[in-house]
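One letter stands for each residue in the lines below.
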Amino acid sequence: MYHHNQGLTPSTKSGAPHWEIRYFEEYEDRTAALKREYEIKKKKAGSTSNGFSTTVFMTS
């Protein structure tokens, strides 16, 4: 996210909106994190999109 907001990512267009974390969940393993991310995105697809991307992170 830092690279995106600083314009350091080649695919970032100039003038692209800055990202910010709106919601955060933490999981101990990748499997649980990906399962939860799928659940959130599945629910989001069934409702009106708010224009924000959802990502669930896991601890390392």
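Above: the structure in question.
Residues numbered from 1 in each chain as written. Predicted model: local features only at pLDDT ≥ 70, side-chain atom pairs only at ≥ 80, totals over all residues. Heavy atoms only, no water.

Comments concerning the overall build of the protein chain
As a reminder, the rule being used: Helix and strand definitions follow DSSP, with helices as H or I runs of at least four residues and strands as E runs of at least two, each counted in order from the N terminus. Each residue is placed in one exposure class: buried if its accessible area under a 1.4 Å probe, protein chains only, is under 20% of its type's maximum, exposed if it is over 50%, and partly exposed if it falls in between. Contacts are assigned to residue pairs that have any heavy atoms within 4.5 Å of one another. What sets the accessible areas is the Shrake-Rupley method with a 1.4 Å probe; for residues, cover comes only from the shown protein chains.
When helices and strands are tallied, the protein chain shows two helices and two strands. Overall, the protein chain shows an N-to-C arrangement of helices and strands of α-β-α-β. Out of the 60 residues belonging to the protein chain, those deemed buried represent 13%. Contacts in the protein chain between residues far apart in sequence, at least 24 positions, make up 34% of those at least 6 positions apart. Total accessible area on the protein chain is roughly 5,400 Å²; 54% of this is exposed by carbon and sulfur atoms.

Some thoughts on the pattern of salt bridges
Formally: The salt bridge definition used is simple: a Lys or Arg side-chain nitrogen within 4 Å of an Asp or Glu carboxyl oxygen.
Taken as a whole and judged by the stated rule, the model has four salt bridges. Note that Glu-39 is salt-bridged to Arg-36, the shortest N-O span being 3.5 Å. One end of the pair is Glu-39 and the other is Arg-36, both in helix 2 (residues 30-45) and three residues apart, which spans about a single turn. Notably, a salt bridge pairs Glu-37 with Lys-41, separated by 2.9 Å at the nearest N-O pair. Of this pair, Glu-37 and Lys-41 both sit in helix 2, separated by four residues, roughly a single helical turn. The buried category is assigned to Glu-37, whose relative accessible area is 13%. Members of the salt-bridge network, linked through shared partners, are Glu-25, Arg-36 and Glu-39.

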